[in-house]
Amino acid sequence: MSQKPDQHARSRELFKQAREKIPGGVNSPARAFRAVGCDPVFIESGSGSHLHDADGHSYIDYIGSWGPLILGHGHPEVTQALHNVIETGTSFGAPTEREVEMAELICELAPSIEMVRLVNSGTEATMSAIRVARGFTGRDLVVKFAGCYHGHVDSLLVKAGSGVATLGISDSGGVPAAFSSTTIPLPFNSFAALEECFANHGGKIACVIVEPVVGNMGCVPPRPGYLEALREITAQHGALLVFDEVMTGFRVSLGGAQGLYGIEPDLTTLGKVIGGGLPIGAYGGRRDVMSKVAPLGQVYQAGTLSGNPLAVAGGLATLKVLKKAPELYEQMEEKSGRLVEGVERAAKDAGVAMTVNRVGSMFTFFFNDGPVTDWESSSKSDTDRFAFFFRGMLDLGCYLPCSQFEAAFLSAAHTDEDVAGTIEAAERALAALVSDSQNA
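Worth saying up front: this structure is predicted, and the values here are computed from it rather than measured.

Asker: How should the overall build of the chain be read in this particular structure?
Answerer: When its secondary structure is counted, the chain shows 15 helices and 14 strands. At 21 Å, the chain has a C-alpha radius of gyration in line with the 22 Å of a compact globule built from 440 residues. Taken over the C-alpha atoms alone, the chain extends approximately 65 × 55 × 45 Å along its principal axes. For the chain, the residues scored as buried account for 57% of the 440 residues in total. Working note: accessible area of the chain is about 18,200 Å², and carbon and sulfur atoms make up 50% of it.

Asker: Please clarify how the sheet that holds strand 9 (residues 267-271) should be interpreted in this entry.
Answerer: Adjacent strands of a sheet pair through backbone hydrogen bonds, lying either parallel or antiparallel. With respect to topology, seven strands assemble into an open sheet ordered 4-10-9-8-7-5-6, the strand pairing being mixed. This sheet does not close on itself; its edge strands, each paired only once, are strand 4 (115-119) and strand 6 (183-186). In this sheet, adjacent strand axes meet at a mean angle of 20° when their direction is disregarded. Strand direction decides the pairing type here: strand 9 and strand 10 (residues 281-285), joined by five bridges, are antiparallel. Following the sheet pairing, L267 is matched in strand 10 by G285. Along the sheet, helix 4 (residues 122-137) makes contact with strand 4, strand 5 (141-145), strand 7 (205-210), strand 8 (240-244), strand 9 and strand 10, crossing strand 9 at roughly 165°. Along the sheet face, helix 8 (residues 226-237) touches strand 5, strand 7 and strand 8 and points at about 145° away from the line of strand 8.

Asker: So what exactly am I meant to see when it comes to the environment of G225 here?
Answerer: Counting through the fold element by element, G225 comes out in the loop between strand 7 and helix 8. For G225, a relative accessible area of 30% gives the class partly exposed. Considering only alpha carbons, one finds G225 and Y261, 36 residues apart in sequence, at a separation of 9.7 Å.

Asker: Hey, could you run me through the packing of aromatic side chains in this one?
Answerer: Two aromatic rings are characterised by how far apart their centres lie and by the angle between their planes. Considering all chains together, one arrives at 14 aromatic pairs under this definition. When the centroid spacing of 6.0 Å and the interplanar angle of 80° are considered together, the rings of F145 and F188 count as edge-to-face. Taken together, the residues F145 in strand 5 and F188 in the loop between strand 6 and helix 7 (191-201) connect sequence positions 43 residues apart. Note on accessibility: F145 and F188 belong to one class, buried. Look at F188 and Y226: their rings are 5.5 Å apart centre to centre, the planes differ by 75°, and that puts the pair in the edge-to-face class. Of this pair, F188 sits in the loop between strand 6 and helix 7 while Y226 sits in helix 8, placing them 38 residues apart in sequence. Connected via pairs of aromatic rings, a cluster forms that spans Y62, F363, F365, F367, F386 and F389. A cation over an aromatic ring shows up here: R19 above the ring of F15, its NZ or CZ 4.4 Å from the ring centre.

Asker: Got a minute to help me understand the pattern of salt bridges in this structure?
Answerer: Opposite charge on two side chains lets them pair, provided their charged atoms get close. The tally for this structure, following the rule as stated, stands at 10 salt bridges. When the shortest N-O distance is used, the salt bridge between E101 and K320 registers 2.7 Å. Highlighted residues: E101 in helix 3 (residues 97-109) and K320 in helix 11 (residues 309-324), separated in sequence by 219 residues. Since its relative accessible area comes to 32%, E101 is described here as partly exposed. Ionic pairing is found between R231 and D266, a salt bridge with its closest N-O pair at 2.9 Å. Of the two residues, R231 is situated in helix 8 and D266 in the loop between helix 9 (256-261) and strand 9; the sequence distance between them amounts to 35 residues. Under the relative-accessibility criterion, D266 is labelled buried at 4%. Look at the salt bridges and you will find they share partners, linking R231, D266, R286 and D288 into a network.

The rules behind each value
- Residues numbered from 1 in each chain as written.
- Predicted model: local features only at pLDDT ≥ 70, side-chain atom pairs only at ≥ 80, totals over all residues.
- Heavy atoms only, no water.
- Helix = DSSP H or I, 4+ residues; strand = E, 2+ residues; numbered from the N terminus.
- Rg over C-alpha atoms; globule rule 2.2 N^0.38 Å.
- Buried < 20%, exposed > 50% of the residue type's maximum accessible area, 1.4 Å probe, protein only.
- Areas by Shrake-Rupley, 256 points an atom, 1.4 Å probe, with all protein chains shown as cover.
- Pairing = 2+ DSSP bridges.
- Axes fitted to C-alpha atoms, helices over the stretch in contact; angles between N-to-C directions.
- Contact = heavy atoms within 4.5 Å.
- Phe/Tyr/Trp six-rings, centres within 6.5 Å; stacked < 30°, edge-to-face > 60°.
- Lys NZ or Arg CZ within 6 Å of the ring centre and 35° of its normal.
- Salt bridge = Lys/Arg side-chain N within 4 Å of Asp/Glu carboxyl O.

Right under this line is the structure:
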């Protein structure tokens, strides 16, 4: 069920042109489609729950710009906010009232955040949070988890997920060994590994950084009690707990994963949803910790475009819609549940091994007997079968993440018809997968 020769002629032409001037033809490796055995489609526009490509095809979109578009494409309140701001100026390099409003709203909605600093990306947010944790504790070591991706920060690319896992890169080139030596990677969801690590290094660990719901080895939720164990052991040893909520923040609940699970970290990183589709990030947390950030303290971090008026306006509009309409989360929960149950049932009926993980409107179809609880179990997924399924779904008008190791997202714009159509497409794609396997 590969792409027909004439289906994506314009996209193929654009991709050929892009490869001449852009490494790999894409500006982020996750977009390359290399892991699914076809060329990327080039997008011209988005509307509601759909994407429209350069060849005139329409797709039900389950990427949502990799998470930010929780309200869908072109939400009228977000669009209007951007129109209003662009008439006043695109950047000032000076404080604006909207930055204050954004900071107040984030602190109101995120249970643990007392002070927050806006930056330009999730990567910048995690890089800065790590620096603050080290500056606050006076320690150097950072604990992370195999398969978790925290942006392309040098010391955090050890055993990373996302595009690093998709492309089969063990650890990134260009990172000095000395940087990696300050990072301790552990298996996610392992209580024993966590306890052993702190028994051996507790007094030297500045922080533990974790995706509270992992989205970068596919969607992997925490085991019951695991986040509580992280909170307890870090507090016991004087280390900070950093929740990387770039993906889960305001996505899995209005209070993010920390609100969903009732755990308050010391620091939180944010991105995606808080920009409404524009580039932004943020890090924040306890007042005493954030008071170490310059100009209050000695931990330096700066950014020319931090608090950019357009990004802040898009994020403010998005958060305000979510705050005034919390029922949107209930609706996304119900539709996401119906979607994954339908696809899981279709796989079972077709005799295809599949494990589905979901938290709220985040989910992944693992071609795996399961359960999938960490990177080791996630990496056992059949990536060839996933690639065939991906291509089939694309041909049938459903745009899924182009990697077995990325989470999919449903938005408030998805309709009952979208869900039913996706389940029907999955039934057809899985039937073709079985037929192809039998004929191989």
